[in-house]
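Each chain, letter by letter, is given below.
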Amino acid sequence: MCGIIGIIGQERAIDRIYPGLLALQHRGQDAAGAVTFENGFQLKKGNGLVLSVFNPKNIERLNGNTGIGHVRYPTVGAGSAEDAQPFIITAPYGIALAHNGNLVNFFDLKKDLIENQLRYLNSNCDAEVMLNLLSVELSRMNLKKLSAEKLFAAVRAMYRKMIGSYAVVSLLAGKGLLAFRDKHGIKPLIMGKNSTSYCFASESVALDLLGYKEMRDVQPGEAIFIDTENNFYTEQIQKGNKAACIFEYVYFARPDSIIDGLGVYEARLRLGEELGKECLKQNLKPDVVMPVPDTARGAAQLVAEVLGVKHREGLIKNRYIYRTFIMPTQAERIEAVRLKLNPIKPEIKGKDVLLVDDSIVRGNTSREIISLIRSVGARRVYYALYSPPLRFPCVYGIDMQTRGEFIARDKTIGEIRKSIDADALVYQTVNGLVKGVGAGAKSFCTACFTGAYPSKVPPLLMEHIEADRMLAKDLDS
Ligand code: SF4
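For the structure given in this document, a descriptive report is provided here. (Residues numbered from 1 in each chain as written. Predicted model: local features only at pLDDT ≥ 70, side-chain atom pairs only at ≥ 80, totals over all residues. Heavy atoms only, no water.)

1. Remarks on the site of the ligand
Applicable threshold: In these notes, residues near a molecule or strand are those with any non-hydrogen atom within 4 Å of it. For this classification, Asp, Glu, Lys and Arg are treated as charged, while Ala, Val, Leu, Ile, Met, Phe, Trp, Tyr, Cys and Pro are nonpolar and the rest, including Gly, are polar.
Taken together, 11 residues lie near the ligand, and C245, C394, I398, C445 and C448 sit nearest. Of the residues contributing to the shell around the ligand, the split by class is 11 nonpolar, no polar and no charged.

Encoded structure:
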């Protein structure tokens, strides 16, 4: 999961990219960067939060009316400074590129670029591979004057090679801004327009903040090019079955975002309603329903409504601690629960508490939270998830599978309940998930719950994931 933004128009791009990246910060806190163009590229990127990478001095030098920006959550790539985006290349024209997603055939593409195209790649990031693919295709055309038609032909050639998820913004020096999304639309990408500029961003919150009114999603398989005269070109590069990441609605996206026409907050309310029905089926009778903040707030409210019991806040979050899901090591995660959550004791003491959470990945965080609630006098602690058990690795850019074991991979729900020390455990069903988010089952990728991947997945990638998983398991034990 990463966040991207691209701006082209009549005003200084960085003045929009910087606040836009702040609005997308929840999509990645590992690294941030931006590049603008005016008589050359001006690039600033580095590890850390947007606020720590950028300062008034480096923002001052990022001149130009076209630019792209990125916040990184590490996927392919070791998370070093070399892997921070955007990437730039000098030929042809000068191209910069930033992307959100994961090429599942990254290793094959990188090998081919090195061995057959004689390219030197300086990182382990698939954005650098994509940038080189675009450069190879455009160089092959050897054009002095670049047209949208030729650019789309180059992008079409890239699509034929790339497998996986990608939402991309790319700056062509002195030419314009290119954006495209894979044929399944796995990662979100929305565009907005105002009287002077166009903006592409991973989530609509960035466009809201920047005051863009006319918005639409970049369609799965669509490429858009806006030249420096603000002429707008679009082409459907490839057609495919739409399979947008359903986990965006469960966890990743901000609740105030609208992705592919579906409001994230409303989706979470509906997910809560579906989960409430599951709790009813299991005859759960808590005194109070509480969210595990912040993602589960809306869902918990609806669970309480369906069960007809009180809804209260029971855990207060220190907002200045990273989201635990994104933290890299087990030890850091465990410490982070205590660091970031503090219970409201009078709301919990002597009660049967139903905690509502978005998902369980490894179970350690849930175990810590339940222990915390018990430690302040809860009589019983029930745990309910508004997504189904996570069982299969995400190969499209979500690094939850390689950092350890999914607790649901080889445990029954009863065993998970025991492992996290809950008095009852209720999961959303896959049907409830799809119904709750609110579009047909065929519109979404649900692979981490069902194992049904919308694209081909090379066996080599699965081998890498499995090796990484075993290594993480050894480190955890
Ligand atoms: S596998 Fe899961 S997290 Fe990955 S893209 Fe599909 S739904 Fe999203």
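2. Regarding the sheet that holds strand β21 (residues 352–357)
What counts here: Paired strands, in this sense, are two strands between which DSSP finds at least two bridges. Segments assigned H or I by DSSP are reported as helices when at least four residues long, segments assigned E as strands when at least two residues long, and all are numbered from the N terminus. Residue contacts are counted whenever heavy atoms from the two residues lie within 4.5 Å of one another. Every axis in this analysis is a line fitted to C-alpha atoms, fitted for helices over the stretch in contact. Angles between the N-to-C directions lie between 0 and 180 degrees.
Pairing in this open sheet of 5 strands is parallel, and the strands run β18-β17-β21-β22-β23 from one edge to the other. Edge positions in the open sheet fall to β18 (310–311) and β23 (424–427), since each of these has one partner strand only. Sheet analysis places strand β22 (residues 380–385) next to β23, joined by 4 bridges and oriented parallel. Directly across from L385, in β23, lies its bridge partner Y427. In the packing of helix α9 (residues 264–281) onto the sheet, contacts are made with β21, β22 and β23, and the angle to β23 comes to roughly 135 degrees. With respect to the sheet, helix α14 (residues 413–420) is in contact with β22 and β23, its orientation differing from that of β23 by roughly 130 degrees.

3. So, the packing of helix α5 (residues 126–141) against helix α6 (residues 148–161)
Note the following rule: Working rule for angles: under 35 degrees goes down as roughly parallel, over 145 as roughly antiparallel, 65 to 115 as roughly perpendicular, anything else as oblique. What makes a crossing left-handed is the near helix being turned counterclockwise from the far one by less than a right angle; a clockwise turn instead makes it right-handed.
For the pair α5 and α6, interaxial distance at closest approach is 9 Å and the crossing angle is 130 degrees. It follows from the interaxial angle that α5 and α6 lie oblique. Judged by the twist between their axes, the crossing of α5 over α6 is right-handed. Listed contacts from α6 to M130, L133, L134, E137, L138, R140 and M141 of α5 are K150, L151, A153, A154, V155, A157, M158 and K161.

4. A look at the side chain of S123
For the record, the criterion: We define a polar contact as two N or O atoms separated by no more than 3.5 Å, with the added condition that, inside protein, one atom must be a possible hydrogen donor and the other a possible acceptor, whereas residues neighbouring each other in sequence contribute only through side-chain atom pairs.
You can see S123 is positioned in the loop between α4 (106–116) and α5. Within the local environment of S123, its side chain forms a polar contact with the backbone nitrogen of C125, the two atoms lying 3.0 Å apart. For S123, the side chain forms a polar contact with the side chain of E128, separated by 2.7 Å. Apart from residues lying up to four places away in sequence, S123 is in contact with E82, D83, F87, K110 and E128.

5. Digging into α9
Short version of the rule: In this analysis, the expected span of each helix is defined as 1.5 Å times one less than the number of residues it contains. A 1.4 Å probe rolled over the protein chains alone gives each residue an accessible area, and that area as a share of the maximum for its type sets the label: buried under 20%, exposed over 50%, partly exposed in between.
Across its 18 residues, α9 extends 26 Å between first and last C-alpha, which sits within 8% of the 26 Å expected from 1.5 Å per residue. By the burial criterion, the buried members of α9 are V264, A267, R268, L271, G272, E274, L275, G276, E278 and C279. Two residues or fewer after α9 comes N283, characterised by a positive phi angle close to 60 degrees.

6. Focus on α4
Side chains three or four residues apart in an α-helix point the same way, a direct result of the helix having 3.6 residues per turn. Test applied: Along the arc lie the directions from the helix axis toward the C-beta atoms.
Of all the positions in α4, only F106, L109, K110 and L113 are classed as buried. Down the axis of α4, the buried set is contained in an arc of 100 degrees. They therefore lie on one face. Structurally, α4 contributes buried residues whose contacts are with β6 (95–103), α5 and α6.

7. So, the sheet that holds strand β11 (residues 214–217)
Strand order in the open sheet formed by 7 strands is β3-β2-β4-β1-β10-β9-β11, and the pairing between neighbours is antiparallel. The open sheet terminates on both sides in strands that have one partner only, identified here as β3 (41–47) and β11. Taking the axes of each pair of neighbouring strands and ignoring which way they run, one obtains an average angle of 10 degrees across the sheet.

8. A look at the nonpolar core
General note: in soluble globular proteins, nonpolar side chains tend to be found buried as a group. Rules: Only buried residues count toward a nonpolar core, which is a set of Ala, Val, Leu, Ile, Met, Phe, Trp, Tyr and Cys residues joined through side-chain atoms within 4.5 Å.
Core analysis: the largest hydrophobic core is formed by 53 residues, its most contacted members being C279, L354 and V356. Excluding residues within four positions of it along the chain, V356 makes contact with L275, V289, M290, P291, V292, A296, A299, A300, V303, A384 and Y386. Judged by nonpolar contacts, the second largest core, of 35 residues, contains L131, L133, L138 and V155.

9. Looking at the environment of A244
Along the chain, A244 turns up in strand β14 (residues 244–245). The spacing of A244 and G263 is 19 residues in sequence and 14 Å in space, taken between C-alpha atoms. The residues contacting A244, other than those within four sequence positions of it, are H184, G185, I186, D260, S443, F444 and C445.

10. A word on the pattern of salt bridges
Note the following rule: Criterion for a salt bridge: a side-chain nitrogen of Lys or Arg within 4 Å of a carboxyl oxygen of Asp or Glu.
All told, the structure shown has 25 salt bridges when counted by the stated rule. Taking the shortest distance from any N to any O, the salt bridge between R216 and E222 comes out at 2.7 Å. Given the relative accessible area of 4%, E222 is considered buried. R374 is paired through a salt bridge with D423; the nearest N and O atoms lie 3.1 Å apart. One end of the pair, R374, is in helix α13 (residues 364–375); the other, D423, is in the loop between α14 and β23, and 49 residues separate them in sequence. Take R374: its relative accessible area is 25%, and that puts it in the partly exposed class. You can call D423 partly exposed: its relative accessible area is 35%.

Read these as geometric descriptors, not functional statements.
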